[in-house]
Amino acid sequence: MLVRPTARFDTVCIHAGQTPDPSTGAIITPIYQTSTYVQDALGVHKGYEYGRTHNPTRAALEGNIAAIEGGRAAFAFASGLAATGALMTLLQAGDHVVVTDNTYGGTYRLFERVLRKAQLDFSYVDTSDLDALEAAFQPNTKLLFVESPTNPVLRITDIKAASERAHARGVPVVVDNTFASPYVQRPLSLGADMVLHSTTKFLNGHSDGIGGIVVAERDDHIEWLRFIQNAEGAILGPMDAWLVLRGTKTLPLRMERHNANAQRIAEFLSAHPKVALVHYPGLPSHPQHALAARQMRGFGGLISFTMGSLERARTVLNSVRLMALAESLGGVETLISYPASMTHGSVPAERRQALGVTDDLVRVSVGVEHVDDLIEDLAQALDRV
Ligand SMILES: Cc1ncc(COP(=O)(O)O)c(C=O)c1O
């Protein structure tokens, strides 16, 4: 199938990176569950030698997501954190990284507990504040690591402005685009140099695989990421690559519904007398609503809200029936979670407080069920408070 350069986003999602299987015509890229490839003669092969280095299912996924994000190449890894770890090997001892302050807890743990041992240095700043960002750069800053919207309080960084500030100092920019998904936001088109995803979330969309991917533009980044994918070997397996390829075909359809459902639920929650505060970029009360409207297509599927006390939050979490109490996000089914002990359990308590990850905060990853069923479920849970 030919995907013309002018093809629209929805068409790219379905077809990019994939051609019908040459031996059978199968329209779906097969799961090449193989560790090695038979060579015709010594040094004569079809471009595939060993499964860590090359796999056709993984290559199809990488081509697909590179096109979806508008990048030149992509490299798939065993998890979002494996992708982050591989990306960080672009740096070396003595380098400094500016990081969005309320980045995902696992990213913070990787940076603080693992990469500090390799003499990397990190400054965590509110990258939505461009003056704070400006002040955080050091002569040895070698990367700006942005997460927008942030998890779980959904702060937004102006990716274009932040990229300009970084580039003025020769600092490349990576955006963790997991929370938004490329339907909602395409950081490379806003000036970022690399995009990172936990494919576990919206790209897969069906809560049945763990994976990660880095999309890159620059030759030096591409060359190193290709090298490290093979050299460290934290690759995405063919079955998991296939599951994500299945997922990206319906990304636009799912995201439209995630966006619409989340908007309705955020409005319901913000009008509810038992809810203290709702964080959702689609609400005019969100401090960066105008920026979100400019930078994003819809406002995403994540909402968080405060209940006033741990006990009240616990009642909601324990009373929902349709929503599942579980970690993770981005699947077709709605998940409800408690960031303080779930996603941010690895972040020290005083730091959690400073970031707004308070003990009464509840997060919802809004799925694609009928929105009235979701609102009825929340309403009956809030009635118990
Ligand atoms: C924003 C963000 N980045 C990265 C990760 C890590 O991804 P994984 O769990 O696939 O390692 C997560 C996981 O929740 C996340 O929410």
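Scroll up for the structure.
In short, a report on the structure.

Conventions we followed
Residues numbered from 1 in each chain as written. Predicted model: local features only at pLDDT ≥ 70, side-chain atom pairs only at ≥ 80, totals over all residues. Heavy atoms only, no water. Pairing = 2+ DSSP bridges. Helix = DSSP H or I, 4+ residues; strand = E, 2+ residues; numbered from the N terminus. Axes fitted to C-alpha atoms, helices over the stretch in contact; angles between N-to-C directions. Contact = heavy atoms within 4.5 Å. Polar contact = N/O pair within 3.5 Å; in protein donor to acceptor, adjacent residues only side chain to side chain.

**Some remarks on the sheet that holds strand S9 (residues 302-306)**
And step 1. Read across the sheet, 5 strands follow the order S8-S9-S12-S11-S10 without closing on themselves; strand pairing throughout is mixed. The sheet is open, and its two borders are formed by strand S8 (277-279) and strand S10 (324-325), each paired with just one other strand.
And step 2. Two elements, S8 and S9, share 3 bridges in a ladder whose sense is antiparallel. Bridging across to S9, His279 finds its partner in Ser304.

**Section: the sheet that holds strand S2 (residues 96-100)**
And step 1. Taken together, 7 strands build an open sheet; the order of strands is S1-S7-S6-S5-S4-S2-S3 and the sheet is mixed. The open sheet has two edge strands, strand S1 (73-77) and strand S3 (121-125), and neither has a second partner. If you compare each strand with its neighbour and ignore which way they point, the axes differ by 20° on average.
And step 2. Where S1 and strand S7 (residues 212-216) come together, 5 bridges link them in antiparallel fashion. Within S7, the position partnered with Phe75 by the bridge is Val214.
And step 3. Along the sheet, helix H6 (residues 159-168) makes contact with strand S4 (141-147) and strand S5 (173-176), crossing S5 at roughly 150°.
And step 4. Contacting S1, strand S6 (194-198) and S7, helix H7 (residues 219-232) crosses the sheet at an angle of about 25° to S1.

**As for the side chain of Thr150**
And step 1. When you line up the elements, Thr150 lands in the loop between S4 and H6.
And step 2. Here Asn102 takes part through its side chain, which lies 3.3 Å from a polar atom of the side chain of Thr150.
And step 3. Not counting the four nearest positions on each side in its chain, Thr150 is found in contact with Thr100, Asn102, Arg155 and Phe179.

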